[in-house]
Amino acid sequence: MKFPSKVKLVDVGPRDGLQNEKEPVPAAVKIELVHRLQDAGLTEIEVTSFVSPKWVPQMADNAEVMAGIRRKPGVRYSVLTPNMKGFEAAVASKPDEIVVFGAASEAFSQRNINCSIAESMERFAPVVQAARAQGIFVRGAISVAVGCPYQGEVDPQGVELVARLMKEIGVQHCGVADTIGVGTPRKVQAAMEAALRHYAIDDLSGHFHDTYGQALVNTMACLELGIWQYDSSVAGLGGCPYAKGATGNVATEDVVYMLRGMEIDTGIDLDKLIDAGKYISDYLGRKPNSRAATAILNKRAG
Ligand SMILES: CC(C)(COP(=O)([O-])OP(=O)([O-])OC[C@H]1O[C@@H](n2cnc3c(N)ncnc32)[C@H](O)[C@@H]1OP(=O)([O-])[O-])[C@@H](O)C(=O)NCCC(=O)NCCSC(=O)C[C@@](C)(O)CC(=O)[O-]
C-alpha cells in the first residue's frame, strides 16, 4: 500500500471547534490559540466565520479575532463566508482563503444556511467570483456527505451533485465533510470517489467528526486513496450548531500521532500541539478530547 509521503492538516479548532461552545470564548483566547497552533507548525488555520451573529453568536467577534492575529509567514488563515454580506465583512480582515459551505442534503442546507442547495449555489457564485478576482483562494465544504441528522442516509450521488455545482461556479478546493461522524471507511471512500469525479486529488480534503469513533479509520481509508489534506481540530474541539449530538472533529493530536508513526510528514511538532490543546482545554475547563494527548499528558505527569 502506498500512502502519501506528506499530509497537510488544516486546524479548524478556532472556528469549528469554538462555534458550538455554550459560554462565549473571549477573542483574546481565540487569538492565543491561533498563535499556539502556528507555533506548533500548522500551516493553515480556520480562524472564524462571517455568518449571522443571530445564528452563531460565538463567531460574532470575527473581525476582532482576525485583526488580533500576529501573522506568521507561510501560514494561511481561512474564514467561512456563506454569502456576499459575509464576504464583504471578511475581506476587510484579509483572509488568505474563504470557505463557502453547502450540503449534500436539502434538509441540512435549509437548517444550516436557510436555503436550498440550488439557492446556496446562487449565493456562493458571486462570492466565489469576487474572491477569485481579489486573489483569495476559495474552498468549498460539502456537509453531511455520508449522513444527515434530518434526512438520514446520504448517497454518493448527493456529494457528486454538489461537487459538480461547486466546480461549475469556480470553487477551487472541495472539502468532503462527515458532519455527524456516522461514516465508516467504505462509505467515506465512496463519498470521496464521488467528489473525485469533479476535483483532482490535490484539490480534495476530508473533514471527519468523531461522534462514532470512526474519524481516524476514515482518515486512513482516505490516505489509501491518496488524499493528503485533512481538517482536524486541536483537542478534538467542535461540533456544528445545526447537527445536534455530533461531537468534535478528529483531534489534530491523534492524526499527527498516527501519521508520525507511519512516517508521513506533517511538519507539526506534537509536543507543542499538545500544549496548544491543553491551553484551550484548560480554558474551557475540561480535558482534551484526544487519546494521544491524554496519554502523552499522563506520561508527562509521571
Ligand atoms: C447563511 C445565513 C447568513 C443566511 O441567513 P438568512 O437569515 O437566510 O439571511 P438573510 O439574507 O435573509 O438575512 C437575515 C439577517 O441576517 C443578516 N445576515 C445575513 N448574512 C449575514 C452574514 N454573513 N453576516 C452577518 N449577518 C448576516 C442580514 O443582514 C439580516 O439581518 P437583519 O436585517 O435581520 O438584522 C445564516 O443562515 C447563517 O448565518 N447560518 C449560520 C451557518 C453556520 O455558521 N453554520 C456552522 C458552520 S458550517 C459547519 O460547521 C460545517 C463545516 C463547514 O464545518 C463542515 C461540516 O462538518 O459539515
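Calculation notes
Residues numbered from 1 in each chain as written. Predicted model: local features only at pLDDT ≥ 70, side-chain atom pairs only at ≥ 80, totals over all residues. Helix = DSSP H or I, 4+ residues; strand = E, 2+ residues; numbered from the N terminus. Buried ≥ 20, exposed ≤ 12 C-beta atoms within 10 Å, placed from the backbone. Contact = placed C-beta atoms within 7 Å. Core = buried A, V, L, I, M, F, W, Y, C linked by C-beta atoms within 7 Å. Pairing = 2+ DSSP bridges. Axes fitted to C-alpha atoms, helices over the stretch in contact; angles between N-to-C directions. UniProt positions renumbered as here; feature names shortened; annotations may be inferred. Parallel < 35°, antiparallel > 145°, perpendicular 65-115°, else oblique. Left-handed = near helix turned anticlockwise from the far one by under 90°. Nonpolar A, V, L, I, M, F, W, Y, C, P; charged D, E, K, R; others polar. Near = placed C-beta within 6 Å. Right-handed = clockwise from strand over helix to strand, strands pointing away. pLDDT = per-residue confidence, 0-100.

**Overview of the overall build of the protein chain**
Okay, so step 1: For the protein chain, the helix and strand inventory stands at twelve helices and ten strands.
Okay, so step 2: Seen along its three principal axes, the alpha-carbon backbone of the protein chain occupies a region of about 55 × 45 × 35 Å.
Okay, so step 3: Taking all 302 residues of the protein chain together, 54% fall into the buried category.
Okay, so step 4: Pairs at least 24 apart in sequence give 72% of the contacts found in the protein chain among residues at least 6 apart.

**Notes on the nonpolar core**
Okay, so step 1: Within the largest apolar cluster, 92 residues are counted, with the highest numbers of intra-cluster contacts made by I142, A145, V159, V176 and A195.
Okay, so step 2: Among the elements that take part in this core, helix α8 (residues 185–196) stands out by supplying six residues, more than any other.
Okay, so step 3: Excluding residues that lie within four positions of it along the chain, V176 makes contacts with I142, A145, V159, A191, M192, A195, L204, G206 and H207.

**Some points on the sheet that holds strand β9 (residues 204–208)**
Strand pairs in the sheet, formed through backbone hydrogen bonds, run parallel or antiparallel to each other.
Okay, so step 1: Here eight strands make up a closed barrel; going around it, the order is β1-β2-β3-β4-β5-β8-β9-β10 and the pairing parallel. When strand polarity is set aside, the average angle formed by the axes of neighbouring strands in this sheet is 25°.
Okay, so step 2: Contacts from helix α9 (residues 215–225) reach β8 (173–178), β9 and β10 (229–232) within the one sheet, and its direction differs from that of β9 by about 165°.

**Some points on the UniProt feature "domain: Pyruvate carboxyltransferase" (unreviewed entry) in the protein chain**
Okay, so step 1: In this numbering, the UniProt entry assigns the feature "domain: Pyruvate carboxyltransferase" (unreviewed entry) to residues 7–274.
Okay, so step 2: Helix makes up 41% of residues 7–274 and strand 18%. Its end C-alpha atoms lie 18 Å apart.

**Here's the deal with the packing of helix α2 (residues 27–39) against helix α11 (residues 270–284)**
Okay, so step 1: α11 packs onto α2 with a crossing angle of 165° between their chain directions and a minimal axis gap of 8 Å. Taken together, the axes of α2 and α11 lie roughly antiparallel to each other. In the crossing of α2 with α11, the sense of the turn from one axis to the other is left-handed. On α11, the residues that touch V29, E32, L33, R36, L37 and D39 of α2 are K272, D275, A276, Y279, I280 and Y283.
Okay, so step 2: Split by residue class, the contact of α2 with α11 holds seven nonpolar, no polar and five charged.

**Here's the deal with the site of the ligand**
Okay, so step 1: Taken together, 25 residues lie around the ligand, and V51, S52, G86, S143 and T179 are the ones closest in.
Okay, so step 2: Contributing elements (two or more residues each) for the shell around the ligand: α4 (84–91), α5 (106–113) and β5 (137–143).
Okay, so step 3: Counted by class, the shell around the ligand contains 13 nonpolar, ten polar and two charged residues.

**Here's the deal with the pairing of strand β3 (residues 76–80)**
Okay, so step 1: The buried fraction of β3 is high, at four of five residues.
Okay, so step 2: Note: strand β2 (residues 44–49) against β3, five bridges, orientation parallel. By the bridge assignment, E44 is partnered in β3 with R76.
Okay, so step 3: Remark: the β2/helix α3 (residues 62–68)/β3 crossover connection has right-handed handedness.

**Examining the environment of V162**
Okay, so step 1: Mapped onto the elements of the fold, V162 is located in helix α7 (residues 156–168).
Okay, so step 2: Using a count of 30 C-beta atoms within 10 Å as the deciding quantity, one classes V162 as buried.
Okay, so step 3: Separated by 69 residues in sequence, V162 and S93 place their C-alpha atoms 28 Å apart.

**So, the confidence of the model for the protein chain**
The predicted coordinates of low-pLDDT regions are not to be read in fine detail.
Okay, so step 1: Overall, the prediction assigns the protein chain a mean pLDDT of 97, with 100% of residues at 70 or greater.
Okay, so step 2: ipTM for the predicted complex: 0.98, alongside a pTM of 0.97.

**A short note on the pairing of β9**
Okay, so step 1: Burial analysis of β9 places five of its five residues in the buried class, which makes it a mostly covered element.
Okay, so step 2: Neither face of β9 is exposed, since L204, G206 and F208 on one face and S205 and H207 on the opposite face are all buried.
Okay, so step 3: Inspection of the sheet shows β8 paired to β9 by five bridges, in the parallel sense. Of the residues in β9, the one forming a bridge with D178 is F208.
Okay, so step 4: In the classification by handedness, the crossover that spans β8, the intervening α8 and the parallel β9 is right-handed.
Okay, so step 5: Of the pairings in the sheet, the one linking β9 to β10 comprises two bridges and is parallel in character.

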